[in-house]
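Here's the letter readout for the chains.
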Amino acid sequence: MTSTQQADAGRTSELPKWARGNSHRGGPGFGELIEQVRSVMDASRFIAPGDDVARELTADLSRIVERMQAIAVPVDDAAADSREDLPARGNPSLPPFEIIDLGSEGVVAEIVFRAFHLGRLSAHGGNISLLFDELAGYATMHRVTSGFARTAFLKVDYRSLTPIDRPLRARVWVEEIDGRKLHVLGTLHDGDRLCADMTALFIQVPDA
Ligand SMILES: CCCCCCCC(=O)SCCNC(=O)CCNC(=O)[C@H](O)C(C)(C)COP(=O)(O)OP(=O)(O)OC[C@H]1O[C@@H](n2cnc3c(N)ncnc32)[C@H](O)[C@@H]1OP(=O)(O)O
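Source: prediction; values computed, not measured.

### Digging into helix α3 (residues 30–44)
Right, so step 1: Its 15 residues place the ends of α3 21 Å apart at the C-alpha level, agreeing with the 21 Å of an ideal helix rising 1.5 Å per residue.
Right, so step 2: Among all positions of α3, only Phe30, Ile34, Arg38, Met41 and Asp42 are buried. Along the axis of α3, the buried positions cluster into a sector of 125°, meaning they face one direction only. In this structure, α3 carries Glu32 and Gln36 as exposed residues pointing more than 90 degrees from its buried face.

Here it is in structure tokens:
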């Protein structure tokens, strides 16, 4: 059986431990905490405080950062990036996508870009690339036969402005497998309108 046929038959090994996710780490309130973190990031995009208010807010946030640093755990034990029940697995550095469908056919996700993701009059192109890279990780994860796949390159064509504050639909799939190389395609739509499409090459590597 060729590697393409093996991959076409679906993943035969378990996902790496770090990619399996869970829905309990950090407790039931963790999702609301991450939502507040996102809200701080959003709100920070639209303020022009005077010096007094800026210093007051800095002091408030510093106290929160200190509290979080005091309960830090090794990254593999952290709740962020592991919570499969939360948008973007509870990782606030990722745009908050929600997985609609996932399997060997690829991944479909809904994404609402927010104020924090704003470029000039539309979502920042880098955030769109980030979304595609992450979703390509999901799509390839379900096609490699062992280990996982890393991005070798990722190219985005921005076809029309990508709005914030409304649900958009992303689809990413593995188009072709050639040995360790996975050729990945993706699209981002606002309704029927194509906002961006993506071509990427992922390379299968052993799990570290
Ligand atoms: C669920 C969570 C999902 C998260 C998903 C997130 C995904 C990511 O962002 S990963 C982080 C970003 N990517 C990286 O850091 C990768 C850094 N680079 C590397 O580690 C390596 O260069 C890597 C793995 C891409 C390839 O290295 P290596 O395994 O040595 O491959 P190598 O033997 O050189 O090449 C294999 C094949 O790929 C091709 N190839 C490798 N890189 C490229 C490239 N950039 N462009 C075109 N072809 C390439 C080679 O030509 C070769 O082709 P062939 O077999 O036909 O001769």
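From this point on, the discussion continues.
### Topic: the sheet that holds strand β2 (residues 106–111)
Right, so step 1: Spatially, six strands are ordered β1-β2-β4-β5-β6-β3 in an open sheet, and the strand pairing comes out antiparallel. The open sheet has two edge strands with one neighbour each: β1 (97–103) and β3 (148–158). Averaged over all pairs of adjacent strands, the angle between strand axes in this sheet comes to 20°, irrespective of strand direction.
Right, so step 2: Relative to β2, β1 runs antiparallel, the two being bridged by six bridges. Its bridge partner being in β2, Leu102 is matched across the sheet by Val107.
Right, so step 3: With respect to the sheet, helix α5 (residues 125–141) is in contact with β1, β2, β3, β4 (168–178), β5 (181–190) and β6 (193–205), its orientation differing from that of β3 by roughly 140°.

### Considering the environment of Trp18
Right, so step 1: With respect to the helices and strands, Trp18 occurs in helix α2 (residues 17–20).
Right, so step 2: Residue Trp18 is classed as partly exposed on the basis of its relative accessible area, which comes to 44%.
Right, so step 3: Separated by 165 residues in the primary sequence, Trp18 and His183 place their C-alpha atoms 23 Å from one another.
Right, so step 4: Here Trp18 is in contact with Met141, Phe148 and Asp207, once residues within four sequence places are set aside.

### Focus on the packing of aromatic side chains
Right, so step 1: Evaluated as defined, the whole model comprises one aromatic pair.
Right, so step 2: Taking 5.8 Å as the distance between ring centres and 90° as the angle between the ring planes, the aromatic pair formed by Phe97 and Tyr138 counts as edge-to-face. Remark: Tyr138 occurs in helix α5 and Phe97 occurs in strand β1; sequence separation between them is 41 residues. Tyr138 shares its class with Phe97; the two are buried.
Right, so step 3: Between the NZ or CZ atom of Arg171 and the centre of the ring of Trp173, over which it lies, the distance is 4.0 Å.

### Here's the deal with the side chain of Arg83
Right, so step 1: Within the element layout of this structure, Arg83 appears in the loop between α4 (51–70) and β1.
Right, so step 2: You can call Arg83 buried: its relative accessible area is 2%.
Right, so step 3: Within the local environment of Arg83, its side chain forms a polar contact with the backbone oxygen of Gly27, the two atoms lying 3.0 Å apart.
Right, so step 4: A polar contact of 2.8 Å, which involves the side chain of Arg83, links it to the side chain of Asp85.
Right, so step 5: Excluding anything up to four places from it in sequence, Arg83 contacts Asn22, Ser23, His24, Arg25, Gly26, Gly27, Phe30, Arg89 and Gly90.

### A short note on the site of the ligand
Right, so step 1: Taken together, 15 residues lie around the ligand, and Asp133, Thr151, Arg180, Lys181 and Ile203 are the ones closest in.
Right, so step 2: Thr151 places a main-chain nitrogen or oxygen 3.0 Å from a nitrogen atom of the ligand.
Right, so step 3: Protein chains bury 48% of the 1200 Å² of accessible surface belonging to the ligand in isolation.
Right, so step 4: When its residues are assigned to classes, the shell around the ligand shows seven nonpolar, two polar and six charged.

### A look at the confidence of the model for the protein chain
Right, so step 1: Mean pLDDT over the protein chain works out to 92, with 93% of the residues at or above the 70 mark.
Right, so step 2: As scored by the predictor, the complex reaches a pTM of 0.93 and an ipTM of 0.97.

### Observations concerning the nonpolar core
Right, so step 1: One finds Phe97, Phe113, Val172, Val184 and Leu188 to be the most contacted residues of the largest nonpolar core, which totals 33 residues.
Right, so step 2: Counting only elements with at least two residues in this core, the list comes to β2, α5, β3, β4, β5 and β6.
Right, so step 3: Broken down by element, the residue count for this core peaks at seven residues, all from α5.
Right, so step 4: Residue contacts for Val184: discarding those within four places in its chain leaves Ala136, Thr140, Val172, Trp173, Val174, Glu175, Met198, Thr199, Ala200 and Phe202.

What counts, and where the lines are drawn
- Residues numbered from 1 in each chain as written.
- Predicted model: local features only at pLDDT ≥ 70, side-chain atom pairs only at ≥ 80, totals over all residues.
- Heavy atoms only, no water.
- Helix = DSSP H or I, 4+ residues; strand = E, 2+ residues; numbered from the N terminus.
- Expected span 1.5 Å × (residues − 1).
- Buried < 20%, exposed > 50% of the residue type's maximum accessible area, 1.4 Å probe, protein only.
- Arc of directions from axis to C-beta.
- Pairing = 2+ DSSP bridges.
- Axes fitted to C-alpha atoms, helices over the stretch in contact; angles between N-to-C directions.
- Contact = heavy atoms within 4.5 Å.
- Phe/Tyr/Trp six-rings, centres within 6.5 Å; stacked < 30°, edge-to-face > 60°.
- Lys NZ or Arg CZ within 6 Å of the ring centre and 35° of its normal.
- Polar contact = N/O pair within 3.5 Å; in protein donor to acceptor, adjacent residues only side chain to side chain.
- Near = heavy atom within 4 Å.
- Areas by Shrake-Rupley, 256 points an atom, 1.4 Å probe, with all protein chains shown as cover.
- Nonpolar A, V, L, I, M, F, W, Y, C, P; charged D, E, K, R; others polar.
- pLDDT = per-residue confidence, 0-100.
- Core = buried A, V, L, I, M, F, W, Y, C linked by side-chain atoms within 4.5 Å.

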